[in-house]
Amino acid sequence: MERKMKYFDAHTHVNFAAYNEDREAVILRAKEAGVAMNVVGTQLDTSASAVALADAYEHVYATIGLHPIHTAKSYHDPEELGPSFAPPSRKASDGQGKASEGKGRSGGFTSRGETFDPNVYEEMGKHARVIAIGECGLDYYRCDETTKGLQKKVFIEHIELANRLKKPLMLHVRPSDGRDAYDDALGALKAHAKVKGDVHFFAGNWETAKKFLDFGFTLSFTGVLTFTHDYDEVVRNAPLDMLLSETDAPYVTPVPHRGKRNKPIFVTEVVRAIARIRGQDFDEVAFQLMENARRVFRF
Ligand SMILES: [Zn+2]
């Protein structure tokens, strides 16, 4: 990739239905601003579309996997797969307000779930522009107690796949309270992982952060940093070379763009927030975050 790319959006979903009207414009606008990106799949179709985008654009890379909430019939966001995935009894309306706040329980509907076939994902994962496996992990926030076992099984299958492909993991870990899912995820990694990776949308405290950092995983942060101080301690205490910037677009739009759909170009606001919280120079932080992405994802 050309050196003129200055920022890296380590976790974005421009493959989602939210960009069906203007996907190419969003991707090219990011390139003009020097923003390279990792487009993350959440099940088979969004993984395949992530790879297709990575094939089409030099500044775009892909991550493939099955999101923990898609391992079973579960909450589903219409901005992700589009209204066609909705059961006929419910309409996928109100995509804008609720879903752009991200991760809310309302505004969505129930998805059918998908069975993880490691062989299919392994073929896809051999592609040179697939830089990570995921997003995979444990989501206890939206899950039914009975699906925890299945989530764990599928998570371990992703870890084993990443080991075989020698590619890093892109983790989605969301606790129901405190740190339960983080502790369980770390346990599975310690037992099975031969590769490292990134903890996307990190939402734990410093004590939890330290465990992942000590284990060699980077932490990535979103636009959430621009409207809460909840993660300032972690952002300040972590070594700069263990942080990544991401948008998680279309979710969690940063200040000053709140109320609009998020997009990769807004990752500069995340970089700005990291620099501000740490009291460091913006350009210095941007440079190091890009270096971190190159090291973790080996592009
Ligand atoms: Zn995601």
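Residues numbered from 1 in each chain as written. Predicted model: local features only at pLDDT ≥ 70, side-chain atom pairs only at ≥ 80, totals over all residues.

### Some remarks on the overall build of the protein
Selection rule: Strands here are runs of E lasting at least two residues and helices are runs of H or I lasting at least four, both read from the DSSP assignment and numbered beginning at the N terminus. Partly exposed residues are those whose C-beta has more than 12 but fewer than 20 other C-beta atoms within 10 Å; with 20 or more the residue is buried, with 12 or fewer it is exposed, and the C-beta atoms are placed from the backbone. Once C-beta atoms have been placed from the backbone, residue pairs whose C-beta atoms lie within 7 Å are recorded as contacts.
Secondary structure summary: the protein contains eleven helices and ten strands in total. Among the 299 residues that make up the protein, the fraction classed as buried is 50%. Long-range contacts, defined here as pairs at least 24 residues apart, represent 73% of the contacts in the protein between residues at least 6 apart.

### A few points about the UniProt feature "binding site: a divalent metal cation 1" (unreviewed entry) in the protein
Inclusion rule: UniProt positions are given in the numbering used here, feature names are shortened, and annotations may be inferred rather than shown by experiment.
Under the feature "binding site: a divalent metal cation 1" (unreviewed entry), the UniProt entry names H11, H13, E135 and D248. In terms of the greatest pairwise C-alpha distance, the residues named above, spread along 238 residues, form a tight cluster of at most 11.3 Å across. Structurally, the position occupied by H11 is in strand β1 (residues 7-12). Excluding residues that lie within four positions of it along the chain, H11 makes contacts with N38, V40, M170, H200, S220, E246 and D248.

### Comments concerning the packing of helix α5 (residues 118-125) against helix α6 (residues 148-165)
Cut-off, in case you're wondering: Each axis is a line fitted through C-alpha atoms, taken for helices only over the stretch in contact, and angles between the N-to-C directions span 0 to 180 degrees. Handedness of each helix crossing follows the sense of rotation of the near helix against the far helix: counterclockwise by less than a right angle gives left-handed, clockwise gives right-handed. Under the grouping applied here, Gly and all other residues not named as nonpolar or charged are polar, the nonpolar ones being Ala, Val, Leu, Ile, Met, Phe, Trp, Tyr, Cys and Pro and the charged ones Asp, Glu, Lys and Arg.
The interhelical angle for the contact between α5 and α6, taken along N-to-C directions, is 35°, at an axis separation of 11 Å. Of the two elements, α5 crosses α6, and the hand of that crossing is right-handed. Every residue of α6 that contacts α5 at P118, Y121, E122 and G125 is listed here: E157, L161, R164 and L165. When its residues are assigned to classes, the contact of α5 with α6 shows four nonpolar, one polar and three charged.

### Things to note about the UniProt feature "binding site: a divalent metal cation 2" (unreviewed entry) in the protein
Mapped onto this structure's residue numbering, the UniProt feature "binding site: a divalent metal cation 2" (unreviewed entry) falls at H172 and H200. Taken along the chain, the residues just named run across 29 residues; in space they keep tight, none of their C-alpha pairs more than 5.7 Å apart. Summarising the element assignment, H172 is placed in strand β7 (residues 169-174). We classify H172 as buried; it has 24 C-beta atoms within 10 Å. Once you skip the residues sitting within four places of it in the chain, H172 turns out to touch H67, P68, G134, E135, C136, G137, D139 and H200. Within the fold, H200 resides in strand β8 (residues 197-200). Owing to 29 C-beta atoms within 10 Å, H200 belongs among the buried residues under this scheme. Here H200 is in contact with H11, E135, M170, L171, H172, S220 and E246, once residues within four sequence places are set aside.

### Quick word on the packing of helix α10 (residues 267-278) against helix α11 (residues 282-297)
Close contact between α10 and α11 brings their axes to 9 Å; oriented N to C, the two are set at 115°. Considering only the axes of α10 and α11, their crossing is right-handed. Contacts from V271, R272, I274 and A275 in α10 reach F282, V285, A286 and L289 in α11. When the residues that make up the contact of α10 with α11 are grouped by side-chain class, the tally is seven nonpolar, no polar and one charged.

### A look at the pairing of β8
In plain terms, the rule: Strands are treated as partners if at least two bridges between them are detected by DSSP. Place the viewer so that the strands point away; then a crossover is right-handed whenever the path from the first strand over the helix to the second strand goes clockwise.
Across four bridges, β7 lies against β8 in parallel orientation. Paired with M170 across the strands is D198, a residue of β8. Bridge count for β8 against strand β9 (residues 218-221) is two bridges, and the pairing is parallel. Residue pairing in the sheet places V199 in a bridge with L219 of β9. At this point the chain moves from β8, through helix α8 (residues 206-214), to the parallel β9, and the crossover so formed is right-handed.

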